[in-house]
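Examination of the molecular architecture
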Amino acid sequence: MKKVILMIVLFAASASLQAQKFALIDMDYIFKNIPAYERANEQLNQVSKKWQAEVDALTTEAQTMYKNYQNEVVFLSKEQKQAKQDAIMEKERQAAELKRKYFGPEGELFKKRTALMTPIQDEVYNAVKDIADLRGYQLVIDRASDTGIIFGSPKIDISDEVLRKLGYSY
């Protein structure tokens with residue numbers, strides 16, 4: 001009796017899976033073929049390098065101040081030592097604060113990335129959704145993500161169709 005019930009459950013499960021339609025996309029491929037996305041990435045890289053150079057300059061300045069302090073420490077009075085230590089700590093605090101301002105979880109880089117990338121990502125999402133609705137796909141999986149897809153048939157990959165819908169002929 002248990003075998004019969006198990007067979008019925010397996011048959012029902014396989015029948016429902018066969019009725020569903022799936023598609024794959026490769027978001028990396030799609031984004032690499034959208035010039036606006038590549039320009040936004042380049043802009044983010046440039047601003048990130050600029051901001052990192054500012055942080056590095058403050059950090060180097062603090063390190064230089066510390067090295068100078070180590071060389072002069074034997075010649076300084078207690079008050080001078082404290083003043084130099086305070087100045088070094090203030091410079092290190094400024095560097096850490098600047099780094100947090102630019103690269104922190106709610107920092108300028110995050111805000112800039114969101115402002116530049118969200119419209120492009122939304123456009124791609126809407127194109128995928130339109131194609132899925134048109135073709136009756138219940139599930140569209142990104143093969144570029146870490147979902148553990150071992151094999152996906154190129155026949156169900158709709159990446160080029162998404163690009164065509166967005167106006168890029170590939």
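In this text, all values refer to a predicted model and were calculated from it rather than measured experimentally.

Details of the side chain of S159
Take S159: it is sitting in helix 6 (residues 159-165). Residue class for S159 comes out buried when judged on its relative accessible area of 3%. A distance of 2.7 Å separates a polar atom in the side chain of S159 from the backbone nitrogen of D26.

A few points about the packing of helix 3 (residues 35-72) against helix 5 (residues 108-135)
Each pair of packed helices can be summarised by the angle the axes make with each other and by the distance between the axes. Running from N to C, helix 3 and helix 5 point in directions that differ by 175 degrees, and their axes come no closer than 10 Å. Here helix 3 is positioned roughly antiparallel relative to helix 5, judged by the angle of their axes. For the pair helix 3 and helix 5, the contacting residues are A36, Y37, A40, N41, Q43, L44, V47, S48 and W51 in the first and E108, L109, K112, R113, L116, M117 and I120 in the second. When its residues are assigned to classes, the contact of helix 3 with helix 5 shows ten nonpolar, three polar and three charged.

Regarding helix 5
Because each turn of an α-helix spans 3.6 residues, side chains separated by three or four positions in sequence point in the same direction. For helix 5, with 28 residues, the first-to-last C-alpha span of 40 Å sits near the 40 Å given by 1.5 Å per residue. Of all the bends in helix 5, the greatest reaches close to 35 degrees and is centred on M117; the proline P119 follows between one and four positions later. All of the buried residues in helix 5 are L109, M117, I120, V124, A127, V128, I131 and A132. In this fold, the buried residues of helix 5 make contact with strand 1 (22-25), helix 2 (27-32), helix 3, helix 4 (78-103), strand 2 (139-142) and helix 6.

Scoring rules and cut-offs
- Residues numbered from 1 in each chain as written.
- Predicted model: local features only at pLDDT ≥ 70, side-chain atom pairs only at ≥ 80, totals over all residues.
- Heavy atoms only, no water.
- Helix = DSSP H or I, 4+ residues; strand = E, 2+ residues; numbered from the N terminus.
- Buried < 20%, exposed > 50% of the residue type's maximum accessible area, 1.4 Å probe, protein only.
- Polar contact = N/O pair within 3.5 Å; in protein donor to acceptor, adjacent residues only side chain to side chain.
- Axes fitted to C-alpha atoms, helices over the stretch in contact; angles between N-to-C directions.
- Parallel < 35°, antiparallel > 145°, perpendicular 65-115°, else oblique.
- Contact = heavy atoms within 4.5 Å.
- Nonpolar A, V, L, I, M, F, W, Y, C, P; charged D, E, K, R; others polar.
- Expected span 1.5 Å × (residues − 1).
- Bend = angle between axes of the 7 residues up to and from the residue.

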